[in-house]
Amino acid sequence: MNKFLGYILSPLFYICFGLSLVIFHPIQWFCYRVLGYKAHKTSVDTLNFFLTYCDLLLGSSVTFVNEQQLPTDRPIIFVANHQSMYDIPALIWFLRKFHVKFISKIELTKGIPSISYNLKYGGGANINRKDSKQAVSELIKLGRRMKENNWSAMIFAEGTRAKDGQMKAFQVGGIATLLKVVPNALIVPVAIENSWKLVQYGMYPLSVGEKLRWTVLPPLNIADKNPEQIVLEAENAIRVKLNQVKPV
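Residues numbered from 1 in each chain as written. Predicted model: local features only at pLDDT ≥ 70, side-chain atom pairs only at ≥ 80, totals over all residues. Heavy atoms only, no water.

*Asks:* Describe a positive patch on the surface, with residues and values.
*Replies:* A cluster of basic residues, Lys105, Arg129, Arg161, Lys163 and Lys168, forms a positive patch on the protein surface. Structurally, lysine 163 is set in the loop between strand E5 (152-156) and helix H6 (173-181). Looking at lysine 163, the relative accessible area reads 68%, which means it is exposed. (Patch = residues over 30% accessible without salt bridge, like charges linked within 9 Å, V, L, I, M, F, W, Y side chains within 5 Å. Areas by Shrake-Rupley, 256 points an atom, 1.4 Å probe, with all protein chains shown as cover. Salt bridge = Lys/Arg side-chain N within 4 Å of Asp/Glu carboxyl O. Lys, Arg positive; Asp, Glu negative; His and termini not counted. Charge placed at Lys NZ, Arg CZ, Asp CG, Glu CD. Helix = DSSP H or I, 4+ residues; strand = E, 2+ residues; numbered from the N terminus. Buried < 20%, exposed > 50% of the residue type's maximum accessible area, 1.4 Å probe, protein only.)

*Asks:* Pulling in residues and values, what's your account of the pattern of salt bridges?
*Replies:* Tallied over the entire structure, the rule returns five salt bridges. Across the pair lysine 141 and glutamate 138 runs a salt bridge, and its minimum N-O distance is 3.6 Å. Within this pair, lysine 141 and its partner glutamate 138 are both found in helix H5 (residues 132-149), separated by three residues, close to a single helical turn. Overall, the relative accessible area of 16% leaves glutamate 138 in the buried class. Salt-bridge contacts for glutamate 193 lead to arginine 213; the nearest nitrogen and oxygen are separated by 3.9 Å. Placement of glutamate 193 in strand E6 (residues 186-193) and of arginine 213 in strand E7 (residues 211-216) is noted, with a sequence separation of 20 residues between them.

*Asks:* Tell me what's going on with the nonpolar core, and back it up with residues and numbers.
*Replies:* Ranked by internal contacts, the top residues of the largest apolar core, which has 35 residues, are Leu70, Phe78, Leu91, Leu95, Met154 and Trp214. With residues near it in sequence (within four places) discarded, leucine 91 still touches Phe64, Phe102, Met154, Phe156, Val190, Ile192 and Trp214. (Core = buried A, V, L, I, M, F, W, Y, C linked by side-chain atoms within 4.5 Å. Contact = heavy atoms within 4.5 Å.)

*Asks:* Help me get a handle on the packing of helix H1 (residues 2-35) against helix H2 (residues 37-53), residues and values and all.
*Replies:* The geometry of H1 relative to H2 is characterised by a closest axis approach of 8 Å and an angle of 170 degrees between their N-to-C directions. Here H1 lies roughly antiparallel to H2, going by the angle between them. In this structure, H1 contributes Phe17, Ser20, Leu21, Phe24, Ile27, Gln28, Cys31, Tyr32 and Leu35 to the contact, and H2 contributes Tyr37, Ala39, His40, Ser43, Val44, Thr46, Leu47, Phe50 and Leu51. Its residues placed into classes, the contact of H1 with H2 shows 13 nonpolar, five polar and no charged. (Axes fitted to C-alpha atoms, helices over the stretch in contact; angles between N-to-C directions. Parallel < 35°, antiparallel > 145°, perpendicular 65-115°, else oblique. Nonpolar A, V, L, I, M, F, W, Y, C, P; charged D, E, K, R; others polar.)

*Asks:* Please give an account of the side chain of serine 60 that cites residues and values.
*Replies:* Here serine 60 lies in the loop between H2 and strand E1 (61-66). With a relative accessible area of 4%, serine 60 lands in the buried category. Polar contacts involving the side chain of serine 60 include one to the main-chain amide nitrogen of glutamate 210, which spans 3.1 Å. If near-sequence neighbours (up to four positions away) are discounted, serine 60 is found in contact with Asp55, Leu198, Val208, Gly209, Glu210 and Leu212. (Polar contact = N/O pair within 3.5 Å; in protein donor to acceptor, adjacent residues only side chain to side chain.)

*Asks:* How would you explain the sheet that holds strand E3 (residues 100-105) if you had to name every residue and give the values?
*Replies:* Reading across from one edge, E1-E7-E6-E2-E5-E3-E4 is the order of the seven strands in this open sheet, with mixed pairing throughout. Of all the strands in the sheet, just E1 and strand E4 (125-127) have a single pairing partner and so form its edges. Looking at each pair of strands side by side, their axes are set apart by 20 degrees on average, direction ignored. For strand E2 (residues 76-80) and E5, the ladder comprises four bridges, and the chain directions are parallel. Among the inter-strand pairings, alanine 80 is bridged to a residue of E5, identified as phenylalanine 156. The strands touched by helix H8 (residues 227-242) within the sheet are E2, E6 and E7, with E6 carrying the most contacts at an inclination of about 30 degrees. (Pairing = 2+ DSSP bridges.)

As structure tokens, this is what we get:
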């Protein structure tokens, strides 16, 4: 029944999702070129509000839990697991006051309405995975922008999507590089649940009736810890939330 309903509801979802991207592309362009960063960010936030709640058209629920009192006058490195492309709109919308910037593949800066434009001009890091020097350079530039503007960054530390929802080991490199530039950054894990189920049958049909959930976990105490320890602690915190603790 789930898959059958997906055949019916997925076209409606894709129409609304796609229209949002197309409509907001010229809005983004105008805001960025004419009105500046603040207006551009507002347009991106509003776009991601609509993208997030497109999930309701699939009969899915959207729950974002943030019980943490996080500062807005200090850079934050949010560290999350990654399950699908549908992880991202809710993170942008619900964490909008933290000016969260993403680390993306440079290939995504072309060809996708709204998304490519924001990746190119929104202040994140667009890396070439085949060029380690370029990737490190982009991360350093992102770290400097975070430091200068009190922006935050979102790192999907697995390095790729967990298509079955089972977490992969977190990688240290990106977080270690940012911490060298922004050593006072707060490290905050975010646990993402069930977005992989939306695409469990592939891009079509999408699954319906899923309980999508994002949970901001308590900040880590990173005093006197090296990047490897910090990343492992973030990974373990998310594993506990997802009931995916590795056997000893």
